[in-house]
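One-letter residues, chain by chain:
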Amino acid sequence: MTENPTRRHRTGRLPGSRSLPPWSLVAAGIVAGGLIGGGYGLLKPPAYTATSYVIAVPAERSDTSAALGFAQAYGRVATQPAVLAEAQAQAGVPVTTLSESVRTATSPDAPMVAVSATSEQPAQAAAMANAVAAALTKQADASKKATHVELLQFSRAVRPAGPSSASAGVTTLVGAGAGGLLGGLALLVRPGRREEPGTARPAPLPGPAFAADVHSRL
């Protein structure tokens, strides 16, 4: 028995074939996102972060509030070119590397500055954090007669024991979640099924009573 070509042209698919269920978009997004996230976590080298702390101490003619204010100011100038240029010799890296790798943080309650450095090598991360902290302390000592605030190193950075970057398992979960979300959005915005031109239903023929009534009126 040969296949009816007219039926195949009207349906647009082979007899017995089925379309994929709607949730397949979400499943495909989860799988693709998980593979991309896992590959990123495996290929990207781990990053290590070390932190050094300096504290602002008020002098005889100053108070704690002044030290807190200067700590906020020193936190902002720690990554400026003048401080980084002073630290590059001790850190053993150029100023551009220090500018990209070093970040500072301050507290509104304590006159302390946290100097953090990130690198693919744990020892280099600690060296950069300590170098910038020492350069910042030197810059503050040069103006302590005018500011009446002294900056002291509170804690030196040590070589980090583990990476601070996300592991491959975490990046896999993040990628799978993002892929599932994109698949769900694609499922929501996809257009509805349109009726193909060859599948239009024929118009119903008039019944015998209606046909006889029309013939009698003619």
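Residues numbered from 1 in each chain as written. Predicted model: local features only at pLDDT ≥ 70, side-chain atom pairs only at ≥ 80, totals over all residues. Heavy atoms only, no water.

Peer 1: Can you tell me about the overall build of the chain, naming the residues and giving the values?
Peer 2: When you go through the chain residue by residue, the secondary structure sums to 9 helices and 4 strands. Walking the chain from its N terminus toward its C terminus, one meets helices and strands in the order α-α-β-α-α-α-β-β-α-α-β-α-α. Residues counted as buried form 26% of the 218 residues belonging to the chain. Looking at the chain alone, contacts between residues at least 24 apart form 77% of all its contacts between residues at least 6 apart. For the chain, the accessible area works out to roughly 14600 Å², and carbon and sulfur atoms hold 61% of it. (Helix = DSSP H or I, 4+ residues; strand = E, 2+ residues; numbered from the N terminus. Buried < 20%, exposed > 50% of the residue type's maximum accessible area, 1.4 Å probe, protein only. Contact = heavy atoms within 4.5 Å. Areas by Shrake-Rupley, 256 points an atom, 1.4 Å probe, with all protein chains shown as cover.)

Peer 1: Tell me about the pairing of strand S1 (residues 48-58), residues and numbers included.
Peer 2: Direction of pairing for S1 relative to strand S3 (residues 112-119): antiparallel, over a ladder of 8 bridges. Looking at the pairing, Thr 49 lines up with Thr 118 of S3. Examined bridge by bridge, S1 and strand S4 (residues 149-155) share 6 bridges and lie antiparallel to one another. Looking across to S4, one finds that Ile 55 is bridged to Leu 152. (Pairing = 2+ DSSP bridges.)

Peer 1: Which residues make up the packing of aromatic side chains, and what are the values?
Peer 2: Given two aromatic rings, their pairing is described by the distance between the two centres and the angle made by the two planes. According to the stated counting rule, one finds 1 aromatic pair in the structure shown. When the centroid spacing of 6.2 Å and the interplanar angle of 35 degrees are considered together, the rings of Phe 70 and Tyr 74 count as tilted. Here Tyr 74 and Phe 70 lie together in helix H3 (residues 64-77), a separation of 4 residues that amounts to about one turn. Among the residues examined, Tyr 74 registers a relative accessible area of 9% and is labelled buried. (Phe/Tyr/Trp six-rings, centres within 6.5 Å; stacked < 30°, edge-to-face > 60°.)

Peer 1: Outline unusual backbone geometry, listing residues and values.
Peer 2: We note that His 148 has phi near 60 degrees; this positive angle belongs to a residue other than glycine. The topology assignment puts His 148 in the loop between helix H7 (144-147) and S4. Accessibility expressed as a relative area gives 22% for His 148, which makes it partly exposed.

Peer 1: How would you summarise the side chain of Ser 52 if you had to cite specific residues and measurements?
Peer 2: Mapped onto the secondary structure, Ser 52 falls in strand S1. Judged by relative accessible area, which is 0%, Ser 52 ranks as buried.

Peer 1: For the environment of Val 158, give the residues involved together with the corresponding values.
Peer 2: Mapped onto the secondary structure, Val 158 falls in the loop between S4 and helix H8 (168-189). Taking the relative accessible area as the measure of exposure, Val 158 reaches 61% and is therefore exposed. With 35 residues separating them in the primary sequence, Val 158 and Ala 123 have C-alpha atoms 8.1 Å apart. Val 158 has contacts with Ala 50 and Ala 126, leaving out every residue within four places of it along the chain.

Peer 1: How would you summarise the confidence of the model for the chain if you had to cite specific residues and measurements?
Peer 2: On average, residues of the chain carry a pLDDT of 76, and 68% of them reach 70 or more. The weakest mean pLDDT in the chain belongs to helix H1 (residues 5-11) at 49; the strongest belongs to S3 at 93. Note on residues 6-12: pLDDT under 50 across the span, and 9 contacts to partners over four residues away in sequence or across chains. (pLDDT = per-residue confidence, 0-100.)

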